[in-house]
Amino acid sequence: MEELLNEIVNGYVGYANYLWQEITHPAWHNYFYWLLGVSAFFLMLEWVKPWRKDQAKFRKDFWLDFFYMFFNFFLFSLVIYNAASNVVVHFFNDLLAAIGITNLVAFEVMSWPLWAHLLVGFLVRDFVQWWTHRLLHTSPRLWEFHKVHHSVEEMGFAAHLRYHWMETIVYRSIEYIPLALIGIGLRDFFIIHIFTLAVGHFNHSNIKVNLGPLKYLFNNPQMHIWHHAHDIPKEHKYGVNFGITLSIWDYLFKTDYLPYEGRDIKLGFPGVEKFPKSFVGQNLHGFKKEHANQDTA
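All figures in this text were calculated on a predicted structure; none of them were measured in a lab.

Chemist: Whenever I open this one, the overall build of the protein confuses me. Can you help?
Modeler: The helix and strand tally for the protein stands at 11 helices and zero strands. For the protein, with 297 residues in total, the buried portion stands at 47%. Of the contacts made within the protein by residues no fewer than 6 positions apart, 77% connect residues no fewer than 24 positions apart. In the structure as shown, the protein presents an accessible area of about 15,600 Å², 68% of it carried by carbon and sulfur atoms.

Chemist: Looking at this structure, how should I read the packing of aromatic side chains?
Modeler: Aromatic ring pairs are reported here in terms of the distance separating the ring centres and the angle at which the planes meet. Summed over all chains, the structure comprises 31 aromatic pairs. Seen from their ring centres, phenylalanine 67 and phenylalanine 71 are 6.4 Å apart, and the 25 degrees between their planes marks the pair as stacked. Residue phenylalanine 67 and its partner phenylalanine 71 are located together in helix 3 (residues 62–98), separated by four residues, close to a single helical turn. The partly exposed category is assigned to phenylalanine 67, whose relative accessible area is 38%. The class for phenylalanine 71 is buried, based on a relative accessible area of 12%.

Chemist: So what exactly am I meant to see when it comes to the confidence of the model for the protein here?
Modeler: Low pLDDT marks regions whose predicted coordinates should not be analysed in detail. With 77% of its residues at a pLDDT of at least 70, the protein reaches an overall mean of 83. Predicted confidence in the protein is weakest over helix 1 (residues 2–24), with a mean pLDDT of 61, and strongest over helix 9 (residues 248–252), with 97.

Chemist: Explain helix 2 (residues 31–48) here, please?
Modeler: Counting along an α-helix, one turn takes 3.6 residues, and residues three or four places apart therefore face a common direction. Taking 1.5 Å per residue as the helical rise, helix 2 with its 18 residues ought to reach 26 Å, and the 26 Å between its terminal C-alpha atoms agrees with that figure. Along helix 2, the positions that sit buried rather than exposed are Tyr31, Phe32, Leu35, Val38, Ser39, Phe42, Leu43 and Glu46. What you see down the axis of helix 2 is that its buried residues fit within an arc of 145 degrees, all on one side.

Chemist: Explain a nonpolar patch on the surface to me, please; I cannot follow it from the model alone.
Modeler: The grouping of Phe127, Trp131, Leu252 and Phe253 at the surface amounts to a nonpolar patch, some 370 Å² of accessible area in total. Here tryptophan 131 shows up in helix 4 (residues 114–138).

Chemist: Sorry, what's going on with the nonpolar core here?
Modeler: A general feature of soluble globular proteins is that nonpolar side chains tend to end up buried together. Formed by 19 residues in total, the largest nonpolar core has its most connected members in Tyr31, Leu35, Phe42, Phe73, Phe74, Phe157 and Leu197. At the level of elements, helix 2, helix 3 and helix 7 (186–204) are the ones that each hand at least two residues to this core. Considering each element in turn, this core owes the most residues, six residues, to helix 2.

Definitions and cut-offs
Residues numbered from 1 in each chain as written. Predicted model: local features only at pLDDT ≥ 70, side-chain atom pairs only at ≥ 80, totals over all residues. Heavy atoms only, no water. Helix = DSSP H or I, 4+ residues; strand = E, 2+ residues; numbered from the N terminus. Buried < 20%, exposed > 50% of the residue type's maximum accessible area, 1.4 Å probe, protein only. Contact = heavy atoms within 4.5 Å. Areas by Shrake-Rupley, 256 points an atom, 1.4 Å probe, with all protein chains shown as cover. Phe/Tyr/Trp six-rings, centres within 6.5 Å; stacked < 30°, edge-to-face > 60°. pLDDT = per-residue confidence, 0-100. Expected span 1.5 Å × (residues − 1). Arc of directions from axis to C-beta. Patch = residues over 30% accessible without salt bridge, like charges linked within 9 Å, V, L, I, M, F, W, Y side chains within 5 Å. Salt bridge = Lys/Arg side-chain N within 4 Å of Asp/Glu carboxyl O. Core = buried A, V, L, I, M, F, W, Y, C linked by side-chain atoms within 4.5 Å.

So this is what it looks like as structure tokens:
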């Protein structure tokens, strides 16, 4: 018990020191300023050449999403995730050690050329995230948390940042073993994460870019807006266009859907008008008793 308490305390103290270092010491490997820089870049693009020209520069709920950015990427880790994840990883490693497994690494990708292990790490993570994203839609319980992200009614880059903190736990838990198996290092994870952050901002942004044949490989605003459509096709009752960074998984698994240019389609989901509008209300929504009882109904 004392060991676990020390793990929690060290997790909080370590992350608090890291966060302070991030804010007070700008550097090329500083995630805090990468996040601000990438966000500012797409905000300027939306202002200079918007796809929906009648949409306000600071669209509906922009400042709510701006707060989500700092909460999900920094404050959540300080409040909950970092220390809790340290405890879970510690427990998981102890459990594996008890059955004789002391090293999860199955492929020594770090001995490969830099481009190779970055590519493998990116593809594995994106593929796992694609299936996890589908799970968020197909599981009634998880969908109640994922509704926070789909409560966006006007699309812009910052919509990428609005999601319930439970999603972080789901994604990281499912990613852990696949990434551990290939032994991806922290530097590689940082590079991959910055790249996927930029593409995620791009997917949600109020801009139009013709990718040509690359649209079959990379997700983009014209494809992703249909993922946020209020009305989804009957043949895809759980949703369409689940791609996180790559669109190729949707084309391979037949969940792609682009019937026409969706610039002005209605966004959200049936009942979004009654969905909580505040940060607190949205983050409490998925824990309500009536939603918890759906799985046993």
